[in-house]
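# Chains, contacts and geometry: an overview
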Number of protein chains: 2
Amino acid sequence: MALTPKLQALIESLRRLPGVGPKTAQRMALHLLERDRDAALAISNALADAAEGIGECQQCHSLSETAVCDICEHPGRDRTLLCVLESPIDLMAIEQTGGFAGLYYVLGGHLSPIDGIGPEDLGIDQLLDRLYQGEVQELVLATNPTVEGEATAHYIAEQLSDLDIKISRIAHGVPVGGELEFVDGGTLAHALAGRRQLERGK
Amino acid sequence: MALTPKLQALIESLRRLPGVGPKTAQRMALHLLERDRDAALAISNALADAAEGIGECQQCHSLSETAVCDICEHPGRDRTLLCVLESPIDLMAIEQTGGFAGLYYVLGGHLSPIDGIGPEDLGIDQLLDRLYQGEVQELVLATNPTVEGEATAHYIAEQLSDLDIKISRIAHGVPVGGELEFVDGGTLAHALAGRRQLERGK
């Protein structure tokens, strides 16, 4: 009764944002209506623009406003290096490090037979076609270090057994700045198994 | 570079929601674009509808889609009882308890000389006019139990010294279901000072 219908509708819709429950949605709605109507309209416009104007890059399947995204079209990127990711969020995380100069391929998920997600849903056929074209010399499998991500990486690697390209998997190990005592056993075992010899000064 | 302009604009705009920082805004934007475009459009429409269609009730200054809100117009409410609040959120909190049958008056803030917010900004003149009309017999001052809220309540009470109406302040005390050891000293002192005699069975 104290909520007007439009306010009720706004609170309901804000609950569809990830991590937003009924209390947070109410607080957001009232904040926008009472203190910042400009923001309400700005968010409304940005959402409509993005939902209608952002599609998928034909080549890497990341988010793009054009048929082929800026990264795939960039002449300075190393076309012999291709990094396979589960989602555009991962792509952004890697781009923000500035440490990767190759191209990307976004699967949009991981293999999950229980949910009926097979290789065809992830565009793995298109990925294999691209690899068989010969331009790519190293494939970096950067799916998440979860059971499903590992399975997806192994599946892709298996499909390429008769292709002479270098296939790598991102390293598992101790996070930089972390403390050993707080690292879980699985990660620590990987960090030890994947140990690298230090270069010694001559 | 990995972010398209529309995505960048969406993330920037989502940061204007209360309690949403850059990481959360990015996660929300990507969730909506990758998994739930319907939600993006639904939120966009709900925001525009609410920002354009919700105004202020002429009588109580709470949020309303009509000139006078449902509560002020409701024939079943007790018009002799008026509760003064800082914001529509407080009104909703009280309405949700179902324990108040009177009318409300929303100030839209509290007195704050430092921020240049005086009685005229809170519609206190209009409140006094209404009280002098004589219909209201009890005024419940339910501003927040903060220094500014208390000051605002005292200011309003002082303006009414020559008017013969009952003025009350919401009780301070121990929250229901709380444990004494976790209640702060100020609240505990109020709870003791405001102790009430128990009705004893005859």
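In what follows, the accompanying structure is described. Please read these numbers as outputs of a predicted model, since none were measured by experiment. (Residues numbered from 1 in each chain as written. Chains lettered and ligands numbered in written order. Predicted model: local features only at pLDDT ≥ 70, side-chain atom pairs only at ≥ 80, totals over all residues. Heavy atoms only, no water.)

### A word on the pairing of strand β3 (residues 78-85) of chain B
Residue and element names in this part refer to chain B. To be explicit about the condition: For two strands to be treated as a pair, DSSP must find at least two bridges joining them. To qualify as a helix, a DSSP run of H or I must reach at least 4 residues; to qualify as a strand, a run of E must reach at least 2; elements of each kind are numbered from the N terminus. Crossovers are described as right-handed under a simple rule: with the strands pointing away from the observer, the path leading from the first strand over the helix to the second runs clockwise.
The sheet contact formed by β3 and strand β4 (residues 102-106) spans five bridges and is parallel. When the bridges of β4 are listed, L82 appears paired with L103. A crossover links β3 with its parallel partner β4, the connecting element being helix α5 (residues 88-97), and its sense is right-handed. Sheet analysis places β3 next to strand β5 (residues 138-141), joined by four bridges and oriented parallel. Its bridge partner being in β5, L81 is matched across the sheet by E138.

### Here we look at helix α1 (residues 5-14) of chain A
Convention followed: For the exposure calls, accessible area comes from a 1.4 Å probe over protein chains only, and a residue counts as buried if that area is under 20% of its type's maximum, exposed if over 50%, partly exposed in between. The arc in question is traced by the directions running from the helix axis to the C-beta atoms. Note on contacts: a residue pair is in contact if any heavy atoms of the two residues lie within 4.5 Å.
Taken as a whole, α1(A) has its buried residues at A:L7, A:L10, A:I11, A:S13 and A:L14. All buried residues of α1(A) lie within an arc of 165° about the axis, which places them on one face of the element. Those residues of α1(A) that are buried are in contact with α2 (22-35) of chain A together with α3 (37-53), β2 (63-64) and α5 of chain B.

### What to know about the sheet that holds strand β5 (residues 138-141) of chain A
Residues and elements named next belong to chain A. Selection criterion: As a rule, the C-alpha atoms of each element are fitted with a line to give its axis, helices using only the stretch in contact, and angles between N-to-C directions run from 0 to 180 degrees.
With parallel pairing, the four strands of this open sheet are ordered in space as β4-β3-β5-β6. The open sheet has two free edges, formed respectively by β4 (102-106) and β6 (166-169), since each of these has just one partner strand. Direction aside, neighbouring strands of the sheet carry axes that sit 25° apart on average. Packing against the sheet, helix α6 (residues 124-132) makes contact with β3 (78-85), β4 and β5, and its axis sits at approximately 155° to β4.

### Focus on the relation of the copies chain A and chain B
Mapping between the two copies of the chain is achieved by a rotation about an axis and a shift along the axis. The condition is simple: Our superposition of the copies is a least-squares fit, built on the C-alpha atoms of residues whose pLDDT is at least 70 in both.
For these two chains of identical sequence, chain A goes onto chain B by a turn of 179° and a shift of 0.0 Å along the axis, with RMSD 0.1 Å. Expressed as a symmetry operation, the mapping of one chain copy onto the other fits a two-fold axis. Rotation axis and chain A: the residue whose C-alpha lies nearest the axis is A:S44, separated from it by 2.0 Å. A share of 100% of interface residues in chain A that are also interface residues in chain B marks the association as one of identical surfaces.

### Topic: the sheet that holds strand β6 (residues 166-169) of chain B
Residues and elements named next belong to chain B. Pairing within the open sheet is parallel, and its four strands lie in the order β4-β3-β5-β6. Both outer strands of the open sheet, β4 and β6, are each paired with one neighbouring strand and no more. Neighbouring strand axes in the sheet, compared pairwise and without regard to direction, differ in orientation by 25° on average. The sheet strands contacting α5 are β3 and β4, and the helix crosses β4 at an angle near 160°.

### Some points on unusual backbone geometry
Positioned with a positive phi, A:H61 is a non-glycine residue whose angle comes to about 65°. If you trace the backbone, A:H61 turns up in the loop between β1 (55-56) and β2 (63-64).

### What about the interface of chain A and chain B?
This is how the line gets drawn: Buried area is a sum: the accessible area each of two parts loses on coming together, probed at 1.4 Å, counted once for each and added. Only one rule defines a salt bridge in this text: a Lys or Arg side-chain nitrogen within 4 Å of an Asp or Glu carboxyl oxygen. Pairs of N or O atoms within 3.5 Å make up the polar contacts considered here, provided that, within protein, one atom can donate a hydrogen while the other can accept it, and that residues adjacent in sequence are counted only when both atoms are side-chain atoms.
Tallying the contact residues gives 54 residues for chain A and 55 residues for chain B. Here chain A packs against chain B, burying approximately 5200 Å² in sum over the two surfaces, 71% of which is carbon and sulfur. Summed over the shared surface of chain A and chain B, the result is two salt bridges. Put simply, B:D36 and A:R16 hold a salt bridge, and the shortest N to O gap is 3.4 Å. If you look at where chain A meets chain B, you find eleven residue pairs in polar contact (both at pLDDT 80 or more). Breaking the side of chain A that touches chain B down by element, the ones donating at least two residues are α1, α2, α3 (37-53), β2 and α5 (88-97) of chain A.

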